Each structure stands twice: as structure tokens, then as C-alpha cells.
Amino acid sequence: MSKKIVELTEELVQPIVDEMNLELVEVEFVKEGNNYFLRVYVDKEGGIDIEECGKVSEQLSEKLDEADPIEQAYFLEVSSPGVERRLKKRSDFERFVGSHIYVKTYEPIDGNKEFYGDLIAFENDLVTLVIKEKTREKEIQIPYDKIAKANIAVTF
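Not measured: the values here are computed from a predicted model.

**Looking at the pairing of strand E1 (residues 23-32)**
Here's step 1: Pairing analysis gives 9 bridges linking E1 to strand E2 (residues 35-43), with the strands arranged antiparallel. Directly across from Phe-29, in E2, lies its bridge partner Leu-38.
Here's step 2: From the end of E1 to the start of E2, which pair antiparallel, there are 2 residues, and Gly-33 there has a positive phi angle of about 65 degrees.

**Topic: the environment of Thr-128**
Here's step 1: Relative to the helices and strands, Thr-128 resides in strand E6 (residues 126-133).
Here's step 2: Placed 10 residues apart in sequence, Thr-128 and Asp-118 show a C-alpha to C-alpha distance of 8.3 Å.
Here's step 3: Setting aside its immediate chain neighbours within four residues, Thr-128 contacts Asp-118, Leu-119, Ile-120, Ala-121, Glu-139, Ile-140 and Gln-141.
Here's step 4: Among the polar contacts made by the side chain of Thr-128, one reaches the side chain of Gln-141 at a distance of 3.3 Å.

**Focus: the layout of surface pockets**
Here's step 1: Roughly 160 Å³ of internal volume is contained in the largest pocket.
Here's step 2: Surrounding the largest pocket, 13 residues form its lining, Asp-43, Lys-44, Arg-85, Arg-95 and Phe-96 being those nearest its centre.
Here's step 3: Looking at the lining of the largest pocket residue by residue, the class counts come to 4 nonpolar, 4 polar and 5 charged.

**Some words on the sheet that holds strand E8 (residues 147-152)**
Here's step 1: Strand order in the open sheet formed by 5 strands is E7-E6-E5-E4-E8, and the pairing between neighbours is antiparallel. Bordering the open sheet on either side are strand E7 (136-143) and E8, each of which pairs with just one other strand. Along the sheet, successive strands turn relative to each other by an average axial angle of 40 degrees, direction set aside.
Here's step 2: Relative to E8, strand E4 (residues 100-109) is paired through 5 bridges, and the arrangement is antiparallel. Across the sheet, residue Val-103 finds its bridge partner in E8, namely Ala-150.

**Some points on helix H1 (residues 2-19)**
Here's step 1: When the terminal C-alpha atoms of H1 are compared, their 26 Å separation across 18 residues agrees well with the 26 Å that a helix rising 1.5 Å per residue should span.
Here's step 2: Taken together, the buried positions of H1 are occupied by Ile-5, Val-6, Thr-9, Leu-12, Val-13, Ile-16 and Val-17.
Here's step 3: Its buried side turned inward, H1 meets E1, E2 and helix H2 (50-67).
Here's step 4: Looking one or two places after H1, you find Asn-21, whose phi comes out positive at around 60 degrees.

Criteria and thresholds
Residues numbered from 1 in each chain as written. Predicted model: local features only at pLDDT ≥ 70, side-chain atom pairs only at ≥ 80, totals over all residues. Heavy atoms only, no water. Pairing = 2+ DSSP bridges. Helix = DSSP H or I, 4+ residues; strand = E, 2+ residues; numbered from the N terminus. Contact = heavy atoms within 4.5 Å. Polar contact = N/O pair within 3.5 Å; in protein donor to acceptor, adjacent residues only side chain to side chain. 1 Å grid on protein atoms, 1.4 Å probe; cavity = no way out; pocket = protein on both sides within 12 Å on 5 of 7 lines; lining within 4 Å. Points joined across faces, edges and corners; volume = space filled by probe spheres on them. Nonpolar A, V, L, I, M, F, W, Y, C, P; charged D, E, K, R; others polar. Axes fitted to C-alpha atoms, helices over the stretch in contact; angles between N-to-C directions. Expected span 1.5 Å × (residues − 1). Buried < 20%, exposed > 50% of the residue type's maximum accessible area, 1.4 Å probe, protein only.

Dropping the structure here:
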């Protein structure tokens with residue numbers, strides 16, 4: 001059910017974000033407590049502002065009202081993915097080479113399933129990170145299809 005809602009929302013919102021020269025980062029439909037939320041994350045080079053989020057929200061809301069794909073009451077939220085944005089698509093990994101990221105894998109690689117490191121390359125579906133192991137730096141390659149979750153990691 002929620003997968004169909006996400007797919008339909010992506011279809012409805014893509015032309016809106018394309019026209020505004022924005023990137024559709026992610027759509028999710030989740031239940032939190034008694035409430036349902038349809039969340040749409042959009043971005044652009046240099047970041048997105050509240051006015052742009054508002055425009056996407058207005059236009060998408062109209063299209064959702066026309067299509068009426070969601071039976072239950074829900075809240076529509078359009079926002080930036082934030083500083084710790086998720087990395088899902090191959091293009092995300094290509095774009096954020098040079099960034100410090102967090103990666104969680106489906107199965108252990110070198111005995112670990114979680115990695116924090118600098119993304120130094122994404123080639124041939126391999127994510128290459130430089131991680132710190134005690135006092136030394138080590139390069140590790142993670143196959144794209146083994147990644148359960150990845151996002152930008154903020155360092156202080």
C-alpha cells in the first residue's frame with residue numbers, strides 16, 4: 001500500500017521539481033503514532049529554501065487532491081533532506097565524493113557492518129571509503145548492492 005503511494009507521489013512530484021530545477025531526493029509514507037505523513041525531500045546545489053518547499057507543497061497538494069490516492073488522513077511535508085541527507089541513488093554517491101559519510105551494510109565486510117569514513121570514489125558500483133582503524137587510515141570498498149543505508153555524516 002505505502003509503496004504504491006510513494007511511487008504515485010514520485011510520478012506526480014517529478015515534473016514539479018524538474019520545472020523548478022530541483023532534485024527529488026526521497027519520498028516516504030509513514031505512520032507515526034496515530035498520524036500518517038507523506039514526506040517529500042527535495043534539494044538543489046547550494047541548498048533549498050522554504051519558499052521553494054512551499055511551492056512544491058502547493059503544487060503537489062493540488063495533484064494529490066485530484067488523484068486522491070490516499071484513503072486515510074495524512075500530513076504532507078515537503079522539506080530539505082538536511083545536513084545528514086540519505087544517499088540512495090548511484091548519482092548521490094558520485095555527487096558526494098569528498099564527503100564524510102556513514103554506511104551500514106546488509107552483511108559484514110571485514111567483520112563490520114557499519115562504517116564512517118571519507119568517500120573518495122564511486123566507480124564500477126563500488127563505494128570506496130577511507131576509514132580510521134585505531135590510529136591508521138585504511139581504504140575499504142563496499143559494493144553498492146550491499147548497502148542497507150548511507151548518509152552524509154556531520155563531523156565536529
